Structures are given as C-alpha cells and as structure tokens.
Amino acid sequence: MEIQLEIVPESERKAKPDAALGFGRHMADHMFVMSWDEAQGWHDAAIKKYADFSLDPAAMVLHYGQAIFEGMKAFRGRDGRIHLFRPTANFARMNKSAQRMCMPQIPEDEVMKGLRMLLEADADWIPDEHGSSLYIRPTMIATEAGLGVRPSNQYLFYIITCPVGAYYPEGFDPVKIFVTDKYVRAVPGGVGAAKTAGNYAASIMAAVEAQKAGYTQVLWLDAVERKYVEEVGTMNIFFVIGDEVVTPPLTGSILPGITRQSVMQILEDWGLRVVERPIAIEEVFAATENGQLSEIFGTGTAAGISPVGALHYNDRDCTINGGCTGQLSQRLFDHLQGIQYGEMEDSHGWVENI
Ligand SMILES: *Cc1c(COP(=O)(O)O)cnc(C)c1O
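Residues numbered from 1 in each chain as written. Predicted model: local features only at pLDDT ≥ 70, side-chain atom pairs only at ≥ 80, totals over all residues. Heavy atoms only, no water.

## Concerning the packing of aromatic side chains
Here comes step 1: Counted by the stated rule, this structure contains 10 aromatic pairs.
Here comes step 2: Consider the rings of Phe32 and Phe157, whose centres lie 6.0 Å apart with planes at 75°: the pair is edge-to-face. Taken together, the positions of Phe32 in strand β2 (residues 30-37) and Phe157 in strand β8 (residues 154-164) put the pair 125 residues apart, joining distant regions of the chain. Per residue, the accessibility class of Phe32 equals that of Phe157, and both read buried.
Here comes step 3: Geometrically, the ring pair formed by Trp42 and Phe157 is edge-to-face, given 6.3 Å between the ring centres and 80° between the ring planes. One end of the pair, Trp42, is in strand β3 (residues 41-49); the other, Phe157, is in strand β8, and 115 residues separate them in sequence. Phe157 shares its class with Trp42; the two are buried.
Here comes step 4: Aromatic ring contacts, followed pair by pair, group Phe32, Trp42 and Phe157 into a single cluster.
Here comes step 5: In this structure, Arg316 packs its charged tip against the face of Phe285, placed 4.8 Å from the ring centre. (Phe/Tyr/Trp six-rings, centres within 6.5 Å; stacked < 30°, edge-to-face > 60°. Helix = DSSP H or I, 4+ residues; strand = E, 2+ residues; numbered from the N terminus. Buried < 20%, exposed > 50% of the residue type's maximum accessible area, 1.4 Å probe, protein only. Lys NZ or Arg CZ within 6 Å of the ring centre and 35° of its normal.)

## Some remarks on the domain arrangement of the protein chain
Here comes step 1: The assigned domain composition of the protein chain is domain 1 (3-165) and domain 2 (175-340).
Here comes step 2: On a C-alpha basis, the centres of domain 1 and domain 2 stand 28 Å from each other.
Here comes step 3: Of the residues lining the interface, 21 residues belong to domain 1; the matching set on domain 2 comes to 20 residues.
Here comes step 4: Taken over both partners, the interface formed by domain 1 and domain 2 buries close to 1700 Å², and the fraction arising from carbon and sulfur atoms is 59%.
Here comes step 5: For domain 1, the biggest contributors to the area lost against domain 2 are Phe69, Phe85 and Arg93; these three give 35% of the whole.
Here comes step 6: For the pair domain 1 and domain 2, the number of links is zero salt bridges.
Here comes step 7: Applying the counting criterion to the domain 1 and domain 2 interface returns 12 residue pairs in polar contact (both at pLDDT 80 or more).
Here comes step 8: For the side of domain 1 that touches domain 2, the elements supplying multiple residues, two or more each, are β4 (67-69), β5 (72-76), β6 (82-85) and α2 (87-100).
Here comes step 9: When residues of the side of domain 1 that touches domain 2 are assigned to their parent elements, the largest contribution, five residues, is made by α2.
Here comes step 10: Looking at the side of domain 1 that touches domain 2 residue by residue, the classes come out as nine nonpolar, seven polar and five charged. (Domains from an automatic or database assignment. Contact = heavy atoms within 4.5 Å. Buried area = accessible area lost by both parts, 1.4 Å probe. Salt bridge = Lys/Arg side-chain N within 4 Å of Asp/Glu carboxyl O. Polar contact = N/O pair within 3.5 Å; in protein donor to acceptor, adjacent residues only side chain to side chain. Nonpolar A, V, L, I, M, F, W, Y, C, P; charged D, E, K, R; others polar.)

## Thoughts on the packing of α2 against helix α3 (residues 108-121)
Here comes step 1: It is at 10 Å that the axes of α2 and α3 come closest, and there the two elements cross at 130°. Looking at the two axes, α2 sits oblique to α3. Helix-helix and strand crossings are classified by hand; for α2 and α3 the assignment is right-handed. Together, Pro87, Thr88, Phe91, Ala92 and Asn95 of α2 and Glu108, Val111, Met112 and Leu115 of α3 make up the contact between the two elements.
Here comes step 2: Residues of the contact of α2 with α3, tallied by class, amount to six nonpolar, two polar and one charged. (Axes fitted to C-alpha atoms, helices over the stretch in contact; angles between N-to-C directions. Parallel < 35°, antiparallel > 145°, perpendicular 65-115°, else oblique. Left-handed = near helix turned anticlockwise from the far one by under 90°.)

## Considerations on the nonpolar core
Here comes step 1: Counting residues in each nonpolar core, the largest one holds 50 residues, and the members touching the most others are Phe32, Phe91, Ile106, Leu115, Met140, Phe157 and Ile159.
Here comes step 2: With eight residues, β8 is the largest single contributor of residues to this core.
Here comes step 3: Counting 24 residues, the second-largest nonpolar core is a separate cluster that includes Leu221, Phe239, Ala287 and Leu311. (Core = buried A, V, L, I, M, F, W, Y, C linked by side-chain atoms within 4.5 Å.)

Here's what the structure looks like:
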C-alpha cells in the first residue's frame, strides 16, 4: 500500500502550545488517514494536514457506535531519538477490538509505517521536557450512511497526535477512588475487553457522580455479583497484599492493558510474586484494616503508574499507605519511565526507535 505524503507548508503550521499542555487539547499539524470499503479494502492512505472530516449525518458510527481506538505515546529520549513503547501491541489489540465490533482488520505493518511517517512529519511536536510526551490516538469509525443496524460497509482509520505534559508535574500524587456498585462498566459476553467508544459513554455518569463527591475516578466491580474488583476508569488495578501483587484476571470484561502486562513482567523480573485472581472489594477493605495491604496502584498509558491513596465504598472509607505513594509504586513508575526515555535497560525490547 502506497502512503501519500502531503507535508503542511511551514507557513500553514500551527503555533506550538506553550506551558500548560493539558491532555488532548492541542493537535499536531498532520494526521494519517486511510479508507476501507469491501471492493477496495484499505486504500487512499495518506499523511495530510490535520483537518475536519466530512461525514454523512447518517454515518453509522454516529448512530450505532462502531468506533474503536488506541492510546500510546512517543517519548523524546535522552539521546534525542523518538521512542515508541510497544506500538505493535497497540495495533494487535486494535485488531482484537475490530474483530469484536465487526470492523475490518488493519494491516499492522502498513499502519506502523504510516505512524513512523507521521511522527517524522510532526517530530517537532514531541516535547523535550522529561515526563512529557506525544500522545498518539489511532481510531477507526464506520462511515457508511444508513440507518439499518448491521456492520457498516465503509470505514475510516486515522491517527492523530497531541503533546501531553508530565502527568505528575509536582511529583507523584495518589488519587482518591470511588467504588461503585450502583453502575457497572461491562458485562460477561459484552464488549469490555474492546477499546470501543460506547464503553466510555457508558462510564461517564458514574465518573461525574464520583467527581461531585470529591473523587478522581471510579473503581468498577463485576456486573454479576457486584463484588469483585475489575478496573479503574482507564486503568488496570493492582494490590500489594503481604508479599504478593494481586490483579484481577482478564475474563473478558476488563481491558487488557499493555501497561498492566508490562508491569506484571517487570515485577516477575524483580522476583516478586504476581497473582491474577478474582479479588473481592471486601477482601481489599479487610486487608487494609488488618495491615496486610500496603499499596494499591493503577496502570495505564496516560499516567504510567498511578498510586491510589484512598477508597470510598458505600459508607466506608479507607486510606492506603497513609495516603502516600508506596515504595513499589514509585519504583515501578521510575523503572517504566526509565525504559520509555531510554535511561533504563530495555531488556524485553519494548522500545522502538523512529
Ligand atoms: C486503555 C485502557 C486501559 C489501559 O491500557 P494501556 O494499554 O495500559 O494503556 C485500562 N482500562 C481501560 C478501560 C482502558 O480503556
């Protein structure tokens, strides 16, 4: 597949954002796009100017939600080179999401080539400051116009990017988490393991209520018994109990995080015991009360490692590690970031240079 390269002239480029980058507000100059239909397969691949799309008001994505996405980051290494963290894992996961949503498979090698070209075109958008990075959002949507409920016969795939600031500009800040048993995120047999738009639409109400109550994010319980921990907002979750690190198993309703898998590998490399097993919210509270539970942390591309300082569940509260960042959370954060910026040995070959 040929990828057209339409570089935006210098005079038409956007001004770079200054200090407060925030998250996802300043898009880079270029995007990668390609289209799919049954007759041609993937075609019209191009790197072009970041711009609006034109969509038919009956485009199927707008009505029935065939939309999937990925989230990954490019880091400016100490060596000045561009580092990507496990991008092939993201594209492989995107194809799993596509399969679940009856959307076409993307050609992973071609898309990787497109991403490389895009990052070369927008290399000056990758921030230099330590802790900041370029967030990358591959997306696929159903574009066929029609109001019948069935798989679309046309799709658009695109990649957009935006610089993001350090997640913890003032150092590690443990988050306060609201455990809900009123709402659920994903059901057995549903689409919880796919990074598909509807999962996030369904989660907004619980997140708004949690924020009103003073909490950063929601911790979801399983949809059947509303008893076992699943995950947090856009992060997987880990509990340090005694000399074990426990995380819920991937049973189909949890998003299989790439950071989750990387953290499990790092912990094993360090000789720690990592156990994937169902963990009830009652067990978490009991282990906190009897002093067995020393740390809770979330894992995800946005924050890397996010220590949890407090939980609220119905009328109960607990504080974890005195509300401070635990040793293991800190060590994992430093190690993961070290690999991503090329300062720590990448013994599993996770980093790809551009
Ligand atoms: C993206 C995401 C994660 C984290 O996945 P990473 O690959 O580690 O970024 C966890 N849970 C949900 C619901 C997500 O959308």
